[in-house]
Amino acid sequence: MDHEHHKPPDHGGPEAEEDTRLKHKGYEAHKGHADHHKMMLEDFKKRFIVSTILTIPIVVLSPTIQGILGYRFDFPGSIYLQFILSSIVYFYGGYPFLKGIFEELGKRTPGMMTLIAVAITVAYVYSCAVVFGLPGMTFFWELATLIDIMLLGHWIEMRSVMGASRALEELVKIMPSEAHMVMDGMVHDVSVEDLQVGDRVLVKPGEKIPVDGEVIEGDTSVNEAMLTGESKPVSKTVGDKVIGGSVNGEGSIKAEVKKTGKDTYLNQVVELVKQAQESKSRAQDLANRAAFILTIIALSVGAITFIIWVLAGQTLNFAVERTATVMVITCPHALGLAVPLVIAVSTALAAKSGLLIRNRTAFEKARGLQAIIFDKTGTLTLGKFGVTEVLPLEGSYREEDLLTYTASLESRSEHPIAAGITGSARDKGIGLKTVSGFKSIPGKGVEGIIDGKIYRVVSPGYLEEKGLAIDNDRVEKVKQQGKTVVFLLEGDTLAGAIALADIIRPESKDAIARLKEMGIKCMMLTGDNRYVARWVAEDLGLDDYFAEVLPDQKVEKVKEVQRKYVTGMVGDGVNDAPALTRANVGIAIGAGTDVAIESADVILVKNDPRDVVKIVSLSKKTYRKMVENLLWATGYNAFAIPLAAGVLYAYGIFLSPAAGAILMSLSTVIVAINARMLKA
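In this convention, every chain numbers its residues from 1, walking through the sequence in written order. At least 70 in pLDDT is required for a residue's local features to be given in this predicted model, at least 80 for side-chain atom pairs to be given and counted, and no such filter applies to totals for whole chains, interfaces and linings, which use all residues. The side-chain numbers reported here are obtained from all heavy atoms of the structure, hydrogens and water having been left aside.

### Digging into the overall build of the protein
Short version of the rule: Think of it this way: any DSSP run of H or I at least four residues long counts as a helix, any run of E at least two long counts as a strand, and we number them from the N terminus. Note on classification: 1.4 Å probe, protein chains only; a residue is buried when its accessible area is under 20% of the maximum for its type, exposed when over 50%, partly exposed between these limits. Two residues form a contact once any of their heavy atoms are found within 4.5 Å. Residue burial considers only the protein chains on display, and all accessible areas are found by Shrake-Rupley using a 1.4 Å probe.
Across its full length, the protein carries 27 helices and 22 strands. The proportion of buried residues among the 680 residues of the protein is 53%. Partitioning the intrachain contacts of the protein with sequence separation of at least 6 by distance along the chain shows that 70% fall at a separation of at least 24. If you sum the accessible surface of the protein, you get close to 30,200 Å²; carbon and sulfur atoms cover 57% of it.

### Structural notes on the environment of Tyr649
Relative to the helices and strands, Tyr649 is located in the loop between helix H26 (637-645) and helix H27 (657-676). If we ignore the near neighbours within four places in the chain, the residues touching Tyr649 are Trp309, Gln314, Phe318 and Phe654.

### Side note on the sheet that holds strand S7 (residues 241-242)
So the rule is basically this: One requirement defines pairing of two strands: DSSP has to find at least two bridges between them.
The strand order S2-S1-S3-S9-S4-S7 describes an open sheet built from 6 strands, whose pairing is antiparallel. Of all strands in the sheet, those bounded by a partner on one side alone are strand S2 (186-191) and S7. Here strand S4 (residues 212-217) runs beside strand S9 (residues 253-259); their pairing, made up of 5 bridges, is antiparallel. Counterpart to Asp212 in the pairing with S9 is Lys259.

### Quick word on the pattern of salt bridges
Opposite charge on two side chains makes pairing possible when the charged atoms of those side chains draw close. Inclusion rule: Any Lys or Arg side-chain nitrogen located within 4 Å of an Asp or Glu carboxyl oxygen qualifies as a salt bridge.
On inspection of all chains with the given rule, the structure shows 27 salt bridges. Residue Glu465 pairs with Lys444 through a salt bridge whose shortest N-O separation is 3.6 Å. Of this pair, Glu465 sits in helix H18 (residues 460-466) while Lys444 sits in the loop between strand S13 (436-441) and strand S14 (445-450); the two residues are 21 residues apart in sequence, bridging distant segments of the chain. Of the charged contacts in the structure, one is a salt bridge between Arg456 and Glu447, with a shortest N-O distance of 2.9 Å.

### Here's the deal with the nonpolar core
This is how the line gets drawn: Take the buried residues of types Ala, Val, Leu, Ile, Met, Phe, Trp, Tyr and Cys, join any two whose side-chain atoms come within 4.5 Å, and each joined set is a nonpolar core.
Judged by nonpolar contacts, the single largest core of 43 residues is most densely connected at Ile58, Ile120, Tyr124, Phe140 and Leu143. For this core, the elements supplying multiple residues, two or more each, are helix H2 (25-61), helix H4 (78-93), helix H5 (95-106), helix H6 (112-131), helix H7 (140-160), helix H11 (286-311) and helix H12 (316-330). With 14 residues, the single largest contributor to this core is H6. Once you skip the residues sitting within four places of it in the chain, Ile58 turns out to touch Gln82, Leu85, Ser86, Val89, Phe140, Trp141 and Ala144. Counting residues in each nonpolar core, the second largest holds 34 residues, with Ala501, Ile512, Val532 and Val612 among its members.

### Some details on the pairing of S13
Looking at chain direction, S13 and S14 are connected through 4 bridges and run antiparallel. Paired with Ile441 across the bridge in S14 is Gly445. Linkage of S13 to S14, two consecutive antiparallel strands, is achieved through a turn of 3 residues, within which Gly443 is found at a positive phi near 70°.

### Section: the packing of aromatic side chains
Worth spelling out the cut-off: Here is the rule: rings of Phe, Tyr and Trp (six-membered ring for Trp) pair when centre to centre is within 6.5 Å. Planes less than 30 degrees apart are stacked, more than 60 are edge-to-face, and the remainder are tilted. Ring-over charges, as used throughout, are those where CZ of Arg or NZ of Lys falls within 6 Å of the ring centre and within 35 degrees of the ring normal.
Counted under the stated rule, the structure contains 10 aromatic pairs. Relative to Trp155, the ring of Phe48 lies with its centre 6.5 Å away and its plane at 20°, an arrangement referred to as stacked. With Phe48 in helix H2 and Trp155 in helix H7, the pair connects residues that are 107 residues apart, well separated along the chain. As far as the burial class goes, Phe48 and Trp155 line up, both buried. Ring centres of Phe91 and Tyr124 lie 5.7 Å apart, and the angle between their planes is 80°; on these two criteria the pair is classed as edge-to-face. One end of the pair, Phe91, is in helix H4; the other, Tyr124, is in helix H6, and 33 residues separate them in sequence. Aromatic rings pair up to connect Tyr80, Phe83 and Phe132 into one cluster. Arg47 extends its terminal NZ or CZ atom over the ring of Tyr92, reaching a point 4.7 Å from the ring centre.

### Section: the UniProt feature "transmembrane region" (unreviewed entry) in the protein
Condition: UniProt positions are given in the numbering used here, feature names are shortened, and annotations may be inferred rather than shown by experiment.
Taking the numbering used here, the UniProt-annotated feature "transmembrane region" (unreviewed entry) corresponds to residues 48-73, 79-98, 110-132, 138-156, 290-312, 324-351, 630-652 and 658-678. Segment residues 48-73 splits into 81% helix and 0% strand. End C-alpha atoms: 26 Å apart. Between the C-alpha atoms that bound residues 290-312 the distance is 32 Å, and the span itself is 96% helix and 0% strand.

### Overview of the sheet that holds strand S11 (residues 371-375)
Note on sheets: strands pair through backbone hydrogen bonds, and any given pair is parallel or antiparallel. Applied cut-off: Only the contacting stretch of a helix is used when fitting its axis, a line to C-alpha atoms as for every element, and angles between N-to-C directions run 0 to 180 degrees.
Taken together, 7 strands build an open sheet; the order of strands is S10-S22-S21-S20-S11-S18-S19 and the sheet is mixed. The open sheet has two edge strands, strand S10 (355-357) and strand S19 (544-546), and neither has a second partner. Direction aside, the axes of adjacent strands within the sheet are offset by 20° on average. Across 4 bridges, the pairing between strand S20 (residues 567-571) and strand S21 (residues 585-589) is parallel. When the sheet's bridge partners are listed, Val570 is paired in S21 with Ile587.

### Some details on unusual backbone geometry
Residues other than glycine seldom take positive phi values, yet Asp184 does so here, at roughly 55°. On the secondary structure map, Asp184 appears in the loop between strand S1 (178-183) and S2. In this structure Asp184 comes out as exposed when scored by relative accessible area, which is 73%. If you check the backbone angles, Asp451 has positive phi at about 55° while not being a glycine. Its place among the elements puts Asp451 in the loop between S14 and strand S15 (453-458).

### Here we look at the packing of H12 against H26
Two packed helices can be described by the angle between their axes and the distance between those axes. Definition in use: Should an angle fall under 35 degrees it is taken as roughly parallel, and over 145 as roughly antiparallel, whereas 65 to 115 is taken as roughly perpendicular and any remaining angle as oblique. Left-handed is the label given to a crossing in which the near helix is rotated counterclockwise from the far helix by less than a right angle, and right-handed is the label when the rotation is clockwise. Under this grouping Gly is polar, as are all residues other than the nonpolar Ala, Val, Leu, Ile, Met, Phe, Trp, Tyr, Cys and Pro and the charged Asp, Glu, Lys and Arg.
With their axes 8 Å apart at the nearest point, H12 and H26 run at an angle of 165° to one another. Considering the angle they form, H12 stands roughly antiparallel to H26. Judged by the twist between their axes, the crossing of H12 over H26 is right-handed. Contact with H12, carried on its side by Arg322, Thr325, Val326, Ile329 and Thr330, involves Asn637, Ala640, Ile641, Leu643, Ala644 and Ala645 of H26 and no other residues of that element. For the contact of H12 with H26, a count of residues per class yields 7 nonpolar, 3 polar and 1 charged.

### Focus: H26
Buried within H26 we find Asn637, Ala640, Ile641, Leu643, Ala644 and Ala645. Gly646 sits one or two residues past H26 and shows a positive phi near 95°.

### Here we look at a nonpolar patch on the surface
Under the convention used in this document: Each patch is built from salt-bridge-free residues with over 30% relative accessible area, joining like charges within 9 Å and nonpolar side chains (Val, Leu, Ile, Met, Phe, Trp, Tyr) within 5 Å.
Taken together, the side chains of Ile56, Val60, Phe73, Phe75 and Leu81 present a nonpolar region at the surface, about 410 Å² in accessible area. Mapped onto the fold, Ile56 is located in helix H2.

### Considerations on H12
Formally: Take the residue count of a helix, subtract one, and multiply by 1.5 Å to get its expected span.
Under the 1.5 Å per step criterion, the end-to-end length of H12 is 21 Å for 15 residues, consistent within 8% with the ideal 21 Å. Burial runs high along H12: 12 of the 15 residues are buried.

### So, the environment of Leu355
Tracing the chain through its elements places Leu355 in strand S10. Among the residues examined, Leu355 registers a relative accessible area of 2% and is labelled buried. The sequence separation of Leu355 and Ile587 amounts to 232 residues, and the corresponding C-alpha distance is 9.6 Å. Beyond its immediate chain neighbours, meaning those up to four positions away, Leu355 contacts Ala350, Val602, Ile603, Leu604, Asp611, Lys614 and Ile615.

### Some remarks on the packing of H4 against H5
Packing of H4 against H5 leaves a shortest axis separation of 4 Å and a crossing angle of 50°. Considering the angle they form, H4 stands oblique to H5. Judged by residue contacts, Tyr90, Phe91, Tyr92 and Gly93 of H4 engage Tyr95, Pro96, Phe97 and Leu98 from H5.

Pasting the structure below:
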């Protein structure tokens, strides 16, 4: 094979650069999108700070504020200073809303941007007309404070959803950057991106496998849990497939590259995550729906007010002032803070409870979840291979004795099963005995002398080879559950059996029970085998489970459940990332992979499945507060708008801009207090 393109000093070349460019095209596009969101967040923050500083003198110079607070501060040209400062606030601070109205109207979905833009434009144009001769009162301070509060609300909102997923970036990070390429009997460290199909690589113990390939030399066990969901380390020998990103165990292997670039397993998962992100619905939130209604009301009532007063014979100035008052009052300051304030309080409460909210819209949907799908490995289970049962087969042995002797022997071995047994013994505080004459029984187990007697820890294959029969219902049951079973022999006598599997989290059963009490269907989705899946499902009382499911199939399973229910997904591995983004609400276990976390809408910091119950409960309370705040923020319009329009003018009653301003301030205070009353 020609390896000229791999000469150590030069790993590049146009072909390699093109392959790398294509390989990371989706990632770069995604990164650019995330950078755009960050720039927007900083832009809102800067506009808010500048506008707020300029608003201070505008408010101090306002005749309305001076009348309310009972002081006098005026000087020649003060009205023009207000005009200049307000013009800066209008054009600079109001720019996002003035730009937003064209985007919303272009999409025929008038919402918050339209309402704000109409209100500040009417207030600004009318106030400018007053400055330059039209009789009436200016709305400069209302204009400036409205822009400030709306900028603050949008900034708070954008911060709460800034998590716009970095999943693709994290997926790329999983792959090692270098590989040990074997060429002409020599080992060269080369960039993974330079590897091509047919190349050969050396993978040392504990390293990540750099490519999708096939083992051509050596034996090992590989941890694929992060990628496939398989809880047990998978044995690999010559001819077996290995997946890039999985972690090599105790043996060195050589592998031949079979897939590169976009064809690799991990890059296919990247594509799945990307597709799932793009397909997620973008429903309007509550505030936008309220803003749409108020926009229609503001424009309609404003136009009707102007027409009626003109037809009634009032002066043009009076009709314009009534119209402007209606338009400004229809856009209450409180509406811009109603939802963001609740979200800010809710996010803080959630963080104190060990829940990190990354996607506000999805978090709101959690209140309506009808089904929750859990990943198994690392979510409902500890993701840790350990002892689940100790079964005495000979009357003189207690469970503790069996675990003591087995762990003492296995402490001398580096096999994953040995690590599971010794780890479980350590967790139970069991001391180990001294072992002499230790030796390995190739492919079958280990043996050694303890207290002057020969003990062996062996596989079922060893018993068959020796013709040792096992007739025990409990052993048969754990075998049917798909657990790994090893046996302890004293000489040639069967002393007991040790069953191992991925250990179920102690909190999982309570979490499932509480969710089912809330009327939520609980399911499990796993890449593990169906026997282990059935055991976990039965032990936890799940409504359903799906086993031996690959990442692309996981997305299909989520879609299948979504046809019947509003669906949440809880997971922690790379293999869960596409399903997390596809679900209505994606929930990641905090100690899971960065990919799962970046793909999720909510993160459980404490790795406790019971926190899923908290998510649903807090989502319901948060939504209820949002509705209450929107009612407070818009409710006074029911009487404020008619009064501003002048329906009781014949009785000498109408709402002045100053009175309207007081009502707006009161509404804002009520909304802020109500948001603070949200409890977890």
